[in-house]
Amino acid sequence: MSETRFRRMNDLPSTHLLGSGTAMCAGCGGLQAVQEIYDVLGKDTVFVNAAGCMTLLSVYPFTPFRGSWLYTSMASAPAGAQGVRDALDLLVAKKRMPPEDDLAVVVLSGDGAAYGMGLSATSAAIDRGLDFLYVCYDNEGYGNTGQQYSAATPHAAATATSARGYPGWKKDLFSIWVANRPAYVATAAGAEPVDLARKIEKAKSLRGPRLVLVLAPCPTGWDFDPSEMVEIGRLAVRTGVWPLKEWVDGRVVHTKVRRPRVPVEEYLRKQGRFAQLFEPERQDRLLAEIQARVDAYWEGIG
Ligand SMILES: Cc1ncc(C[n+]2csc(CCOP(=O)(O)OP(=O)(O)O)c2C)c(N)n1
Ligand code: SF4
Ligand SMILES: [Mg+2]
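## Focus: the site of ligand 1
Among the 16 residues in the neighbourhood of ligand 1, the closest are listed as C53, G112, Y137, G143 and N144. C53 places a main-chain nitrogen or oxygen 2.8 Å from an oxygen atom of ligand 1. With the chains in place, 73% of the 580 Å² that ligand 1 exposes on its own is no longer accessible. Here the shell around ligand 1 takes four residues from helix α3 (residues 111–117), the largest share from any one element. The residue makeup of the shell around ligand 1, split by class, is seven nonpolar, eight polar and one charged.

What follows is the structure in structure tokens.
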């Protein structure tokens, strides 16, 4: 695997510029998910955005969003959301803003913030019962700074800081949130837009701490052709690598169960970050172990 792969974001041609004058990669799964989510949330939303790729969407004073946008450090988005929520509540309580002008407070962060740096602030916000929706677009690494591994990186994936393959196993953020007993927790994928839209609708209708965790295929960090973004997202679901599920009313429900599942290898093969599993020689033991973990998950749910 070449090191230069992880420098591509800085070398992007101007064709990757969006209307707001910001630089995003072509075929960005995170951007696809944010667009789908914003269609449902609408403009009466304040995004509290932890530093990451989506921060590039808004460069003061320009933003492609019709609502509001606040930028925070990686660890602080839930604390920022608390401040915004409190300010809105005070404005309504003091009759300086009519209740119909109230805004939904939405944290938007990558996995580096959601699974790692911002996790204690998130836990505290859930403990306080903060009324907010947390949207995490999970591209399984620190994408904005060149795809270093994060706690969301899958086993054996090559990153800028794990050239021979990440030795750890992806953290189960869904279960961590569930353990905190919030109002709602769901996983979703931009490649499954109907399921994603339904979950955002559901989350929008509830109050209290809510998480929607969206897989975000990342051509730059995962090393695949941008035209394959949707197909890779679908394969993550069809292989069972990325279960679509929600936790509501105290139980976990899987919203899409594929039988039979596509072999995991079909998902891995399409991504350069897993190339060392196939070249220079096939890593049969590792491939079998990855498949067995996915099988064990699905056998475990009955
Ligand atoms: C405390 C801290 N360390 C490092 C950085 C530099 N930094 C900015 S964005 C980023 C990556 C964030 O990763 P993630 O949350 O997964 O979002 P992504 O970039 O993948 O969209 C890093 C490390 C920072 N802003 N703050
Ligand atoms: S590095 Fe990945 S997540 Fe970040 S803008 Fe590029 S494709 Fe999107
Ligand atoms: Mg990330």
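## Some words on the site of ligand 2
C25, C28, C53, N139 and C218 are the nearest of the nine residues found near ligand 2. Class assignment of the residues belonging to the shell around ligand 2 gives a composition of seven nonpolar, two polar and no charged.

## Quick notes on unusual backbone geometry
In this structure, the amide linkage connecting Y60 to the following residue, P61, adopts the cis form with an omega of 5°. Tracing the chain through its elements places P61 in the loop between β1 (45–50) and β2 (68–72). A cis amide bond links R259 to the next residue, P260, at an omega of -5°. Relative to the helices and strands, P260 resides in the loop between β8 (251–256) and α9 (264–268). Within the chain, K95 stands out as a residue other than glycine whose phi angle is a positive 60°. Considering the arrangement of structural elements, one finds K95 in the loop between α2 (77–93) and β3 (104–110). Of note, R181 is a non-glycine position whose phi angle comes to about 50°, a positive value. Tracing the sequence through the fold places R181 in the loop between α5 (173–179) and β5 (184–189). Given a relative accessible area of 57%, R181 falls into the exposed group.

The rules behind these values
Residues numbered from 1 in each chain as written. Chains lettered and ligands numbered in written order. Predicted model: local features only at pLDDT ≥ 70, side-chain atom pairs only at ≥ 80, totals over all residues. Heavy atoms only, no water. Near = heavy atom within 4 Å. Polar contact = N/O pair within 3.5 Å; in protein donor to acceptor, adjacent residues only side chain to side chain. Areas by Shrake-Rupley, 256 points an atom, 1.4 Å probe, with all protein chains shown as cover. Helix = DSSP H or I, 4+ residues; strand = E, 2+ residues; numbered from the N terminus. Nonpolar A, V, L, I, M, F, W, Y, C, P; charged D, E, K, R; others polar. Buried < 20%, exposed > 50% of the residue type's maximum accessible area, 1.4 Å probe, protein only.

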